[in-house]
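Here is how the chains run, residue by residue.
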Amino acid sequence: MADLKQIVEAYIFAAETPLSLDRLAILLEKPRGDVRVIVEQLLQQYAQGESGFYLAEVAGGYQFRTDAELAPWLRKLNKERPFRFSQAALEALAIIAYRQPVTRAEIEYLRGVDSGGVIKSLLEKNLLRILGKKDIPGRPLMYGTSRQFLELFGLKDLQDLPTLKEFSALDSDIAEALPLEPGQEGETNA
């Protein structure tokens with residue numbers, strides 16, 4: 001007979017979306033605290049191993065994820081193009097993630113262009129959800145990110161989003177790593 005740790009591992013492996021501690025406790029018919037101990041053991045076990053995958057806490061639950069270094073190999077398996085965001089989609093998604101709940105008019109004000117198509121596309125991909133209607137004339141819809149957004153970006157919750165300070169540091173790191181354009185300071189004629 002399988003032990004509880006193996007059953008938890010199998011549940012997480014077989015689930016299509018991250019499994020929360022509460023859901024695991026219901027499935028196992030065990031107290032949440034007991035399930036937490038088992039999940040913590042699995043987290044430690046997979047953190048130590050030299051495996052092609054690991055156990056991650058994402059979107060309020062737990063899910064097995066493949067190592068990012070293996071992405072080129074995994075693309076061969078699916079033969080699909082990796083999901084890419086347009087610049088407009090990234091802008092809208094960032095605005096919504098950091099300012100939610102937000103209306104379409106607020107998104108368009110910040111972006112300076114019509115965003116209806118982008119919002120529709122993000123809704124179809126289940127990266128956004130409608131949070132309700134704003135209590136102003138016209139009662140526009142308010143948007144926020146979904147669990148799939150958290151899952152796609154590997155975030156436990158919205159608190160894991162980088163801060164503006166971290167963005168600034170990232171921008172300067174990227175600028176330092178880029179080669180200089182001809183005519184810029186530091187160029188040598190060797």
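The paragraphs below set out a description of the structure included in this document. (Residues numbered from 1 in each chain as written. Predicted model: local features only at pLDDT ≥ 70, side-chain atom pairs only at ≥ 80, totals over all residues. Heavy atoms only, no water.)

Re the pattern of salt bridges
So, step 1. Under the defined criterion, the tally for this structure stands at 7 salt bridges.
So, step 2. Each of Arg 104, Glu 108 and Asp 114 takes part in one network of salt bridges that share partners. (Salt bridge = Lys/Arg side-chain N within 4 Å of Asp/Glu carboxyl O.)

Some words on the sheet that holds strand E5 (residues 141-145)
So, step 1. Pairing in this open sheet of 3 strands is antiparallel, and the strands run E3-E5-E4 from one edge to the other. For this open sheet the edge positions go to strand E3 (102-103) and strand E4 (128-133), each flanked by a neighbour on one side alone.
So, step 2. Where E4 lies against E5, 5 bridges are found, and the strand directions are antiparallel. Each residue of the ladder has a partner; that of Gly 132, found in E5, is Met 142. (Pairing = 2+ DSSP bridges. Helix = DSSP H or I, 4+ residues; strand = E, 2+ residues; numbered from the N terminus.)

Examining unusual backbone geometry
So, step 1. The omega torsion across Gln 100 and Pro 101 is 0°, close enough to zero to call that bond cis.
So, step 2. Within the secondary structure, Pro 101 sits in the loop between helix H5 (87-99) and E3.
So, step 3. Notably, Ala 59 is not glycine yet its phi reads approximately 50°, a positive angle.
So, step 4. Counting through the fold element by element, Ala 59 comes out in the loop between strand E1 (53-58) and strand E2 (61-66).
So, step 5. By relative accessible area, which is 3% here, Ala 59 ends up buried. (Buried < 20%, exposed > 50% of the residue type's maximum accessible area, 1.4 Å probe, protein only.)

A closer look at H5
Note that an α-helix has 3.6 residues per turn; residues three or four places apart therefore point the same way.
So, step 1. Counted at 1.5 Å a residue, the expected span for H5 with its 13 residues is 18 Å, and the 18 Å between its end C-alpha atoms agrees.
So, step 2. Inspection of H5 places Ala 89, Ala 92, Leu 93, Ile 95, Ile 96 and Ala 97 among the buried residues, and these make up the whole buried set.
So, step 3. Buried positions along H5 lie against E3, helix H6 (104-111), helix H7 (116-124), E4, E5 and helix H8 (147-152). (Expected span 1.5 Å × (residues − 1). Contact = heavy atoms within 4.5 Å.)

Geometry only, nothing functional implied.
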